[in-house]
Amino acid sequence: MKKIVLVLFIGLLGFSLTAQESAAKIEFKSETVDYGEIAKGSDGVRVFEFTNTGTAPLIVSKVSSSCGCTIPKKPEDPILPGKTGEIQVKYDTNRVGPIRKAITVISNADTPTKVLKIKGEVQAPNGTK
């Protein structure tokens, strides 16, 4: 009986220590940005907004895109718990056609890798696709 109580006590102690660890948590307002139909040469900059809903500072260490036509920009400073940040993405709108790209975000959050998406269609100046 003493062994059972000891095992339960150690198990509960281990659980409570794990629960007290602090971690950053990243929550995006939206994980997809829809450009819709945009004209060739128009402003290709869009923003992914996020909040650190964790208990430790969030550090975005790397942001990369699936091709060279999309340039992401990560925040340089840590995002404190409860604060918001943004990842800016610039798509080359001189390329006519559909937009389907992925942006990979790597951070110290409890889910260290997130994949964001942009979509839409760049139309030629005369309105044709």
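Definitions and cut-offs
- Residue positions within a chain follow its written sequence, with the count starting from 1.
- Local features are withheld for residues below a pLDDT of 70 in this predicted model, meaning they are given only at 70 or higher, and side-chain atom pairs are given and counted only at 80 or more; totals for whole chains, interfaces and linings count all residues.
- In computing side-chain properties, one takes all heavy atoms of the structure into account and sets aside hydrogens as well as water.
- We call a pair of cysteine sulfur atoms a disulfide whenever their separation is within 2.5 Å.
- Each residue's exposure class comes from its accessible area (1.4 Å probe, protein chains only) as a fraction of the maximum for that residue type: buried when under 20%, exposed when over 50%, partly exposed otherwise.
- By this definition, two strands are paired if DSSP reports at least two bridges between them.
- Here a helix means four or more residues in a row that DSSP labels H or I, a strand means two or more in a row labelled E, and each is numbered from the N terminus.
- Axes, fitted as lines to C-alpha atoms, cover a helix only where it is in contact. Angles between the N-to-C directions of the axes lie from 0 to 180 degrees.

- As annotated in an unreviewed UniProt entry, the protein chain carries the name DUF1573 domain-containing protein and comes from Maribacter hydrothermalis.

### A look at the state of the cysteines
And then number 1: This model, assessed by the stated rule, comprises one disulfide.
And then number 2: The disulfide partner of Cys67 is Cys69, and the S-S distance across this bridge is 2.2 Å. The disulfide joining Cys67 to Cys69 has a torsion of about -70° about its S-S bond and is therefore left-handed.
And then number 3: Taking the relative accessible area as the measure of exposure, Cys67 reaches 22% and is therefore partly exposed.

### Focus: the sheet that holds strand β5 (residues 70–73)
And then number 1: In spatial order, the strands read β1-β3-β6-β5; together these four strands make up an open sheet with antiparallel pairing. The sheet is open, and its two edges are formed by β1 (26–28) and β5, each paired on a single side. Ignoring which end each strand starts from, the neighbouring axes of this sheet average 30° apart.
And then number 2: Judged from the four bridges that link them, β5 and strand β6 (residues 84–91) form a sheet pairing that is antiparallel.

### Describing the sheet that holds strand β4 (residues 60–65)
And then number 1: Here four strands make up an open sheet; going across it, the order is β2-β8-β7-β4 and the pairing mixed. Bordering the open sheet on either side are β2 (32–39) and β4, each of which pairs with just one other strand. Each adjacent strand pair in this sheet contributes to an overall mean axis angle of 20°, direction not counted.
And then number 2: Bridge count between β4 and strand β7 (residues 97–107): five bridges; the pairing is antiparallel. Directly across from Val60, in β7, lies its bridge partner Ser107.

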